[in-house]
2 protein chains.
Amino acid sequence: MPRDTEDEPIYRADCPTRTILDQIGDKWSMMVLAVLRASPKRFNGIKRQLEGITQRVLTQTLRKLERNGMVVRRVIGGSPPGVEYSITPLGRSLQEPFAALYDWTLEHIDTIHKHQESYDRDAQTTTRRPD
Amino acid sequence: MPRDTEDEPIYRADCPTRTILDQIGDKWSMMVLAVLRASPKRFNGIKRQLEGITQRVLTQTLRKLERNGMVVRRVIGGSPPGVEYSITPLGRSLQEPFAALYDWTLEHIDTIHKHQESYDRDAQTTTRRPD
DNA sequence: CGGTATCCAAAAAGATACTG
DNA sequence: CAGTATCTTTTTGGATACCG
């Protein structure tokens, strides 16, 4: 039987799957949204809650979120000039489906770790030349 | 009021948020799982359904999914030697929460694109020195 | 067929210094 | 305070070639 009759559906790199992961699958985006979820905050206010993030990366992350309409940036005139970032309804709505993923992770994280340990242990003894 | 009394909760890079995104937030993982969801397949069978993926990257993706226990690899002895990959219950269960994210994307993708266009257009006229 | 080994390019991230 | 500008390192992915 020729395989021409077989289905060969194609997934491509522009799958909707990618659309959102490309935007919020990076290291900090979801944490920035989580921080802003409680209340609007200024640049360094956000930065203080994200241990290890650099100014540069936070700026990039905020720009990307702003570009997607998930965050708005507002300049505060005053003697100590400031900028306030707040989450938009769109950004807030993203957290519902994301919470499902978060809960899944909490539920299965132990299982995953066990698989990883098992896999890493086997790698020592299998298909590993004795050197 | 001193800000010492203020809460400064800390999100760190090892947030559970990262646990799963680090594993499946890459370019192809979710699409590989989607392909295997229908039925077990061999290496090149998977590859044929993923337009643009290279052998090297598919191998890496499968190893990572296998390490996490989301996919199992089985060697098929025979005259044309082969390897069959199949999705595990764990991998299958991940698709439920992920579907929520997928649906969210489909629902809001137009809004996001409009924000992006608007943002990109404004960038031409604002805070842009005339050169 | 199902990979591994290399080499290379591009993108993301970290460190640091400087500015309105 | 809220960035920008550079430079360097790390990570990721693509292109090839070769192997059991």
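First, a word on what this report is: a plain description of the structure on this page. (Residues numbered from 1 in each chain as written. Chains lettered and ligands numbered in written order. Predicted model: local features only at pLDDT ≥ 70, side-chain atom pairs only at ≥ 80, totals over all residues. Heavy atoms only, no water.)

**Some thoughts on the interface of chain B and chain A**
- Counting residues at the interface gives 53 residues for chain B, matched by 54 residues for chain A.
- Regarding the contact of chain B and chain A, the summed buried area is about 5100 Å², with carbon and sulfur atoms giving 67% of it.
- Broken down residue by residue, the surface that chain B buries against chain A is led by Tyr11, Arg67 and Trp104 of chain B, which jointly contribute 14%.
- Counting the contacts that link chain B with chain A gives four salt bridges.
- Its salt-bridge partner being Asp120 of chain A, residue Arg67 of chain B comes within 2.7 Å of it at the nearest N-O pair.
- The interface formed by chain B and chain A includes 18 residue pairs in polar contact (both at pLDDT 80 or more).
- For the side of chain B that touches chain A, the elements supplying multiple residues, two or more each, are α1 (16-24), α2 (29-38), α3 (43-49), α4 (55-67) and α5 (89-125) of chain B.
- The element best represented in the side of chain B that touches chain A is α5 of chain B, accounting for 19 residues.
- Residues of the side of chain B that touches chain A, tallied by class, amount to 28 nonpolar, 13 polar and 12 charged. (Contact = heavy atoms within 4.5 Å. Buried area = accessible area lost by both parts, 1.4 Å probe. Salt bridge = Lys/Arg side-chain N within 4 Å of Asp/Glu carboxyl O. Polar contact = N/O pair within 3.5 Å; in protein donor to acceptor, adjacent residues only side chain to side chain. Helix = DSSP H or I, 4+ residues; strand = E, 2+ residues; numbered from the N terminus. Nonpolar A, V, L, I, M, F, W, Y, C, P; charged D, E, K, R; others polar.)

**Looking at the protein's contact with DNA strand D**
- Taken together, 18 residues lie around DNA strand D, and Gln55, Arg73 and Tyr85 of chain A together with Lys27 and Arg56 of chain B are the ones closest in.
- Restricting the count to atoms of DNA strand D within 4 Å of the protein gives a sugar and phosphate share of 70%.
- One of the side-chain nitrogen or oxygen atoms of Gln55 of chain A is found 2.6 Å away from a base nitrogen of DNA strand D.
- Within the contact set of DNA strand D, a phosphate oxygen lies 3.2 Å away from a backbone nitrogen or oxygen of Val83 of chain A. (Near = heavy atom within 4 Å.)

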